[in-house]
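Each chain, written out:
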Amino acid sequence: RIGRKKTMSYTLSLTGVMLFPLAFSASAHGAVRDFLLFITRSSAFAAFTAIYVFSAEIYPTHMRSSGIGVSNGWARIGGMVCPFFAV
């Protein structure tokens, strides 16, 4: 059993480690780039899931609902502007 804090730490670290070669290797081949993107997205999703579960345990309901509402709003805005910045 790993625990929530270690899960968050490992998945956020893995996301950062996998983003580093993507940021500095513009000439990465298709299969390598796709593999790095898959691992990065998977670890970021796992980190978000762990944070979502962990935040329910440490914050009161009114703070948690406000924070989730604000972050959901920013996520929707990010989803709308993403096509303008996507490569």
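Conventions used here
Per-chain numbering applies: the sequence of each chain, read as written, is numbered from 1 onward. In keeping with the model being predicted, local features are shown solely for residues with a pLDDT of at least 70 and side-chain atom pairs are shown and tallied solely at 80 or more, while totals for entire chains, interfaces and linings include all residues. Hydrogen atoms and water are omitted, and side-chain values are computed over all heavy atoms in the structure. Strands here are runs of E lasting at least two residues and helices are runs of H or I lasting at least four, both read from the DSSP assignment and numbered beginning at the N terminus. Atoms considered for the radius of gyration are the C-alpha atoms alone. The globule rule reads 2.2 Å times the number of residues to the power 0.38. Note on contacts: a residue pair is in contact if any heavy atoms of the two residues lie within 4.5 Å. All accessible areas in this document rest on Shrake-Rupley with a 1.4 Å probe, and a residue is counted as covered only by the protein chains that are shown. Lining residues are those with an atom within 4 Å of a point, where the points come from a 1 Å grid over the protein atoms alone and group into cavities, where a 1.4 Å probe fits but cannot get out, or pockets, open sets with protein on both sides within 12 Å along at least five of seven lines. Grid points are joined across faces, edges and corners, and a volume is the space filled by probe spheres set on the points. Residues are grouped as follows: nonpolar covers Ala, Val, Leu, Ile, Met, Phe, Trp, Tyr, Cys and Pro; charged covers Asp, Glu, Lys and Arg; every other residue, Gly included, is treated as polar. Here, expected helix span is obtained from the residue count minus one, scaled by 1.5 Å. Using a 1.4 Å probe on the protein chains alone, a residue whose accessible area is under 20% of its type maximum counts as buried, one over 50% counts as exposed, and one in between counts as partly exposed. The arc in question is the one traced by the directions running from the helix axis out to the C-beta atoms.

Quick look at the overall build of the chain now. Broken down by element type, the chain carries three helices and zero strands. Its helices and strands in sequence order give the chain the pattern α-α-α, from N to C terminus. Here the chain has a C-alpha radius of gyration of 16 Å; the compact-globule value for 87 residues is 12 Å, and the former is much larger. Based on the C-alpha atoms only, the size of the chain along its principal axes is roughly 45 × 35 × 15 Å. For the chain, restricting intrachain contacts to residue pairs at least 6 apart in sequence, the fraction spanning at least 24 positions comes to 58%. Of the roughly 7000 Å² of accessible surface on the chain, a fraction of 71% belongs to carbon and sulfur atoms.

A few words now on the layout of surface pockets. Taken as a whole, the largest pocket holds about 220 Å³ of empty space. Taken together, Phe48, Ile51, Tyr52, Ser55, Tyr59, Met63, Arg64, Gly67, Ile68, Ser71 and Asn72 form the lining of the largest pocket. Of all elements in the fold, only α2 (30-58) and α3 (61-85) reach the threshold of two or more residues within the lining of the largest pocket. Ranked by the residues each element gives to the lining of the largest pocket, the list is headed by α3, at six residues. Looking at the lining of the largest pocket, its residues break down into six nonpolar, four polar and one charged.

In this model, α2 (29 residues) spans 42 Å end to end at C-alpha, consistent with the 42 Å of a helix rising 1.5 Å per residue. The complete set of buried residues in α2 reads Leu36, Thr40, Ser43, Ala47, Ala50, Phe54 and Ser55.

Once that is clear, we can look at helix α1 (residues 4-24). With 21 residues, α1 should reach 30 Å at 1.5 Å per residue; the first-to-last C-alpha distance of 31 Å fits that figure. Along α1, the residues classified as buried are Met8, Thr11, Thr15 and Met18. The buried residues of α1 occupy an angular sector of 115° when projected down its axis, which confines them to one face. Every exposed residue of α1 that faces more than 90 degrees away from the buried side is listed here: Lys5, Tyr10, Val17, Phe20 and Phe24. Its buried side turned inward, α1 meets α2.

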